[in-house]
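The lines below spell out each chain.
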Amino acid sequence: MIYASTATYGDVLHECVACHAGKIRYWRQKNFHYTQAAQHKEFHIYRCENCGTGFLNRPPTMQWLKAIYQYSGQALSQAVTLEQVLAKEAEFPNCTVDAGRMGQLANHCNCSVNSQALDIGSGFGFYTQALRKLGYQTVSINPGQYENAVFKELNGDEPLTMMFEDYQPSGQFGIVMMSQVLEHLLAPNQAVKKVSKLLANGGVLACAVPNYNSFLVKLLGTGDNACLWVPEHVNFFTENGLRALVESNGFHVVKIEQITRIPLTALSKKLGLKGTLAAFVDGLSRFFLPQVANVMNAFGLGIYINLYAVKI
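Residues numbered from 1 in each chain as written. Predicted model: local features only at pLDDT ≥ 70, side-chain atom pairs only at ≥ 80, totals over all residues. Heavy atoms only, no water.

What follows deals with the overall build of the protein chain. Helix and strand counts for the protein chain stand at 10 helices and 10 strands. The C-alpha radius of gyration computed for the protein chain amounts to 19 Å, which stays within 12% of the reference 20 Å derived for 312 residues, consistent with globular compactness. Counting only C-alpha atoms, the protein chain reaches 55 × 45 × 40 Å along its principal axes. Across the 312 residues that make up the protein chain, the buried fraction comes to 51%. Counting contacts in the protein chain only where the partners sit at least 6 residues apart, residues at least 24 apart contribute 75% of the total. Accessible surface computed for the protein chain: about 14,500 Å², of which carbon and sulfur atoms make up 54%. The distance from the centre of the 25 positive side-chain charges to the centre of the 22 negative ones in the protein chain is 4 Å. (Helix = DSSP H or I, 4+ residues; strand = E, 2+ residues; numbered from the N terminus. Rg over C-alpha atoms; globule rule 2.2 N^0.38 Å. Buried < 20%, exposed > 50% of the residue type's maximum accessible area, 1.4 Å probe, protein only. Contact = heavy atoms within 4.5 Å. Areas by Shrake-Rupley, 256 points an atom, 1.4 Å probe, with all protein chains shown as cover. Lys, Arg positive; Asp, Glu negative; His and termini not counted. Charge placed at Lys NZ, Arg CZ, Asp CG, Glu CD.)

What follows is about the packing of aromatic side chains. The description of two aromatic rings rests on the distance between their centres and on the angle between their planes. For the coordinates displayed, the defined rule picks out six aromatic pairs. Residues Trp 27 and Tyr 212 carry aromatic rings whose centres are separated by 5.4 Å and whose planes lie at 80° to one another, so their mutual orientation is edge-to-face. With a gap of 185 residues between them, Trp 27 in strand β1 (residues 24–31) and Tyr 212 in the loop between β7 (199–210) and α7 (215–220) connect regions that are remote in the sequence. Each member of the pair, Trp 27 as well as Tyr 212, is classed as buried. An aromatic cluster is built from Tyr 9, Phe 43 and Trp 64, whose rings are joined through pairwise contacts. (Phe/Tyr/Trp six-rings, centres within 6.5 Å; stacked < 30°, edge-to-face > 60°.)

With that out of the way, let us pick up the sheet that holds strand β5 (residues 137–141). The six strands are arranged β5-β4-β6-β7-β10-β9 in an open sheet whose pairing can be described as mixed. Edge strands, defined here as strands with exactly one partner in the open sheet, are β5 and β9 (251–259). Strand after strand, the sheet turns through a mean of 15° between neighbouring axes, direction not considered. Sitting on the sheet, helix α3 (residues 95–109) is in contact with β6 (173–179), β7, β9 and β10 (304–311), with an inclination near 25° to β10. (Pairing = 2+ DSSP bridges. Axes fitted to C-alpha atoms, helices over the stretch in contact; angles between N-to-C directions.)

So, on to the pattern of salt bridges. Here the structure, examined in full by the defined rule, presents 10 salt bridges. Three or more residues are tied together by salt bridges with common partners; here these are Asp 98, Arg 101, Glu 257 and Arg 261. (Salt bridge = Lys/Arg side-chain N within 4 Å of Asp/Glu carboxyl O.)

Residues Asn 57 and Arg 58 are joined by a peptide bond in cis, for which omega reads 10°. Within the secondary structure, Arg 58 is located in the loop between β3 (54–56) and α1 (62–69). Cis rather than trans, the peptide bond between Val 230 and Pro 231 has omega equal to 5°. In this structure, Pro 231 sits in the loop between α7 and β8 (235–236).

Structural data, given as structure tokens:
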């Protein structure tokens with residue numbers, strides 16, 4: 001899938017997208033995947049010297065992003081079925097695990113009496129499913145037609161097919177779920193400000209983003225795609241930057257944790273192993289990968305940041 005014909009760049013940014021500090025500096029450039037025939041083939045990444053957050057400068061335009069997200073927010077180039085998605089989850093439990101954990105923690109942090117929940121960027125529908133199991137009535141938003149088809153298979157209904165920027169609310173919510181969303185938004189401050197208005201007092205924002213300080217970014221540099229996936233990811237958050245962003249918009253952060261989950265077959269596949277040797281390495285990975293993940297999380301080098309913040 002090529003988006004070269006819609007490749008257009010936005011304005012130059014002069015301050016951090018998270019903490020609004022004006023002291024920003026050039027970090028690195030990264031090529032992207034959808035412009036084989038385009039004249040400009042890279043984005044420039046800047047970093048805030050105050051909170052450490054990174055961002056594309058100049059970012060893609062909203063029109064360019066919409067051209068991508070009308071199909072998928074998960075790098076899908078064609079439709080998939082629920083059966084295929086569940087098969088991947090069985091092999092490497094990921095979205096289902098995150099949805100269950102984040103739903104439970106968001107429910108625990110919800111200090112309001114509001115049982116409405118908004119799932120922004122609802123993807124395949126696992127977060128909406130988890131919230132419904134907890135007794136919440138849900139509204140889900142997602143622009144990607146491929147994910148929305150799977151969502152319907154899983155949940156029996158469809159999300160509102162739109163970008164969050166276009167959503168016009170009709171009420172308030174006790175939980176707003178934003179898993180892997182803020183890194184995609186051109187104006188994260190405006191998005192969090194909008195979320196604050198959507199939440200009842202005591203309601204909770206549950207947010208997950210890739211960690212710009214992760215060991216993968218430090219090890220691979222621009223070769224990392226978990227965080228530095230351009231042009232879809234336009235912001236690259238640190239814990240400090242994410243905290244500053246939500247606290248400046250009327251939230252009290254009640255919990256931040258880091259999450260690292262690596263497939264047990266990652267090392268054997270990286271080494272090109274097969275058969276008995278691959279099985280042996282996978283067996284070792286089953287033991288040491290969780291230990292590595294715990295160490296990375298403890299030192300702030302985890303792959304993802306999860307934040308829970310209550311509206312005050």
